[in-house]
Amino acid sequence: MSPLFDEPAISLLVREQEEPGIEVRVNFGVFAGRHVTPAEIDELALSLRGFLPSFAIVSEVRHEFAGAVEASVHQVVVEVPQEHAGDGPDLLAEQIVFAANGWSLECMASRHGAGEL
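Here the structure is a predicted model, which means the values were calculated and not measured.

Concerning the sheet that holds strand S1 (residues 22–26)
Okay, step 1: Reading across the sheet, the 3 strands line up as S1-S3-S2 and stay open at both edges, with antiparallel pairing between neighbours. Edge positions in the open sheet fall to S1 and strand S2 (56–66), since each of these has one partner strand only. Across the sheet, the mean angle separating the axes of adjacent strands is 35° when strand polarity is ignored.
Okay, step 2: Bridge analysis of S1 against strand S3 (residues 69–80) gives 5 bridges, and the strand direction is antiparallel. Among the inter-strand pairings, Val-26 is bridged to a residue of S3, identified as Val-76.
Okay, step 3: Strands in contact with helix H2 (residues 38–49) are S2 and S3; relative to S2, the strand with the most contacts, it is inclined by about 125°.
Okay, step 4: Packed onto the sheet, helix H3 (residues 89–110) meets S1 and S3 and runs at close to 20° relative to S1.

What counts and what doesn't
Residues numbered from 1 in each chain as written. Predicted model: local features only at pLDDT ≥ 70, side-chain atom pairs only at ≥ 80, totals over all residues. Heavy atoms only, no water. Pairing = 2+ DSSP bridges. Helix = DSSP H or I, 4+ residues; strand = E, 2+ residues; numbered from the N terminus. Axes fitted to C-alpha atoms, helices over the stretch in contact; angles between N-to-C directions. Contact = heavy atoms within 4.5 Å.

Following this line, the structure appears as C-alpha cells:
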C-alpha cells in the first residue's frame, strides 16, 4: 500500500449517495449579493424546527464550468431525509419554501445596502 493511503483521507470517493426525501435550494447569493452567515443559518434552522423533525442545512458555493462559461453561485440547501418527508412531501416542501423565502427576505432587509427584489 502506498504511504499516501496510510494517512486519513482528505478526498473520498462516494459510490452510493442517499437522496434526500425533500431538497429545497435557496439562491441566496443571487439575491443577497453575499454569502449567508452562520448566525443566519441558525435562524433558518430555528424557523424550520417547528415543523421538521430532522433536516440538514448546507451552505455551498457552486462553481460550474462548461466550455468558455464559468459560473459561481452561493446557495443554501435544506435537505429532509426520506424517512421524515412523510406521506405528503409536496405540502411539506411548500412549507419549507415559504419559510426559506421569508427567512431570505429578512436576512436581506437586515443588512445595510440591501436592494429590493
